[in-house]
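# Chain and residue survey
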Amino acid sequence: GRTVEKMYAKTIKFFFDRVLSLPVGIIQRVQFFVLFLVATTAFDLSKLVSIIPTLRKKPSPTAAGRGLNALQVVTRDKLVVTVPVFLRNQRHTVQFQQFLQAIIPQLKTRHRLIVIDDKSQYPISVPQNSRITLIRHNQHFGDCTARNTGLLFAQEVGAEVVCFSTFHCIPSHDWIETIECLQTKQPGMHSGRTYARGNGWVERFHDSMGTLNGRKKQNGTLLFGRTHNLSINLKTNGKLRHDEAFMTGECGDVDLCLSANQLGQVICDHENLVVLDCEQNSLIELWKMFWRYGKEYRQLVNRHKH
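What this report covers is the structure whose coordinates are included nearby. Here the residue numbering is sequential within each chain, running from 1 through the sequence in written order. Local features are withheld for residues below a pLDDT of 70 in this predicted model, meaning they are given only at 70 or higher, and side-chain atom pairs are given and counted only at 80 or more; totals for whole chains, interfaces and linings count all residues. Side-chain figures throughout are based on the complete set of non-hydrogen atoms in the structure, without hydrogens or water.

Turning our eyes to something else, we now look at the pattern of salt bridges. Counted as salt bridges are all cases of a side-chain nitrogen of Lys or Arg within 4 Å of a carboxyl oxygen of Asp or Glu. Under the defined criterion, the tally for this structure stands at 15 salt bridges. Put simply, E160 and K235 hold a salt bridge, and the shortest N to O gap is 3.8 Å. Residue E160 is found in the loop between α5 (143–156) and β4 (161–164), and its partner K235 is found in the loop between β9 (230–233) and α8 (249–262); the two are separated by 75 residues along the sequence. For every residue, the accessible area obtained with a 1.4 Å probe (protein chains only) is divided by the maximum for its type, and the residue is called buried under 20%, exposed over 50%, and partly exposed between those limits. A relative accessible area of 23% places E160 in the partly exposed class. Here the salt bridges share partners, and the residues they tie into one network are R91, E279, E285 and K288. Runs of E in the DSSP output that reach at least two residues are strands. Runs of H or I that reach at least four are helices, and both are numbered from the N terminus.

So this is what it looks like as structure tokens:
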């Protein structure tokens, strides 16, 4: 009872501190309050039912399990875009095709798109293109493991920069070009803005609250960025990896960036580096998102108590 009481007390405080300060009408403020109740309830209930206090222990996949042993490195690429894909339904298939339509025209000489099929429930197909590599896992390992697979392959082809995105996002038309310019001027870690695609209740909530983006420090750099829209220079951060004990990308993103902060790496934030998220457009998806955060929140806190 006390836990529930604290949960809703925190919700009410947030409502008055944050929602009431937004330049929106009364009806939209009520909508945001309802959505925040949904998100907070999912997060706190997930924390309550997640009783395992330590990171899950699972064997790391072998090169064969990652699908890397069957690949032949025939090119040396400068920039690699790595995208984990786990299609659960036909809607995900459509979203993935929209991602491909947005990213493929941006691939130029010494660019490569790496698609990691994390044992999808629906078949994955990519166009026949010399700049696209499809890697298939032999089982579902999760987003963090899939992104590490992309990182390992990027290093195999000698890439200087690896870019992370997600199959249900649509990068802006100059996304790769912008990343190249940023990494040339300041090699390191760069993140941008993720906006919801659409104008419904949930999409407006995400864009107003910033829940699809990372969190800023007082100096303007990021405490963490989301791997919907993140690039890493492998010359300066070649040993940085996702912790594969995290199954979901939500807390895995935060863990990766907090580890980089500990190593003294600055994560820069850029308003002109934009992707659109097509997934977060319903109450169910909002609930699932914050449930995933809550599920591995204890592990994240244990890793980064500071």
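Within the secondary structure, S231 is located in strand β9. Classification of S231 as buried rests on a relative accessible area of 1%. As used in this structure description, the phrase polar contact means that two N or O atoms lie within 3.5 Å; if the pair is within protein, one of them must be able to donate a hydrogen and the other to accept it, and residues adjacent in sequence are counted only when both atoms belong to side chains. Of note is the side chain of S231, whose polar atom sits 2.9 Å from the side chain of Q183. Contact between two residues is taken to exist if any of their heavy atoms lie within 4.5 Å; hydrogens are not considered. Each residue touching S231, except ones within four places of it in the same chain, is listed here: V161, V162, C163, I179, Q183, G188, M189 and H190.

Of all the seven residues making up strand β1 (residues 79–85), seven are buried; the element is thus mostly covered by neighbouring parts of the structure. Here β1 shows two buried faces, one formed by L79, V81, V83 and V85 and the other by V80, T82 and P84. When DSSP locates at least two bridges between a pair of strands, those strands are taken to pair. The pairing of β1 with strand β2 (residues 111–117) spans seven bridges and is classified as parallel. Each residue of the ladder has a partner; that of V85, found in β2, is D117. In this fold, the crossover linking β1 to β2 by way of helix α4 (residues 90–103) has right-handed handedness. Every crossover in which the path from the first strand over the helix to the second runs clockwise, viewed with the strands pointing away from the viewer, is termed right-handed.

Here we take up the environment of H304. Residue position: H304 is located in the segment after α10 (297–303). By relative accessible area, which is 10% here, H304 ends up buried. A sequence separation of 42 residues divides H304 from Q262, and the C-alpha atoms of the two residues are 9.6 Å apart. Apart from residues no more than four positions distant in its own chain, H304 is found in contact with D255, L258, S259 and Q262.

Glancing now at helix α6 (residues 175–185). Those residues of α6 that sit buried are W175, I176, T178, I179, L182 and Q183. Along the long axis of α6, the arc covered by the buried residues comes to 160°, so they all point the same way. Away from the buried face of α6 by more than 90 degrees, exposed residues T184 and K185 are located. For this quantity, the arc is that covered by the directions from the helix axis to the C-beta atoms.

Think of a disulfide as a covalent bridge from one cysteine sulfur atom to another cysteine sulfur atom. By convention in this document, the label disulfide applies to cysteine sulfur atom pairs within 2.5 Å. Evaluation of the coordinates by the stated rule reveals zero disulfides. C144 takes part in no disulfide bond, and the closest cysteine sulfur, belonging to C251, lies 9.0 Å away.

Each Phe, Tyr or Trp ring, with Trp reduced to its six-membered ring, pairs with another whose centre is within 6.5 Å; inter-plane angles below 30 degrees give stacked pairs, above 60 give edge-to-face pairs, and intermediate values give tilted ones. One pass over the structure, following the stated rule, counts four aromatic pairs. Residues F32 and F205 carry aromatic rings whose centres are separated by 5.9 Å and whose planes lie at 75° to one another, so their mutual orientation is edge-to-face. Of this pair, F32 sits in helix α2 (residues 26–49) while F205 sits in helix α7 (residues 201–209), and the two are 173 residues apart along the sequence. On the accessibility criterion, F32 (0% relative accessible area) is buried. Measuring from ring centre to ring centre gives 6.0 Å for F290 and Y293, while their planes differ by 50°; the resulting arrangement is tilted. Placement of the pair is F290 and Y293 together in helix α9 (residues 283–295), with a separation of three residues, close to one helical turn. When sorted by exposure, F290 lands in the same class as Y293, which is buried.

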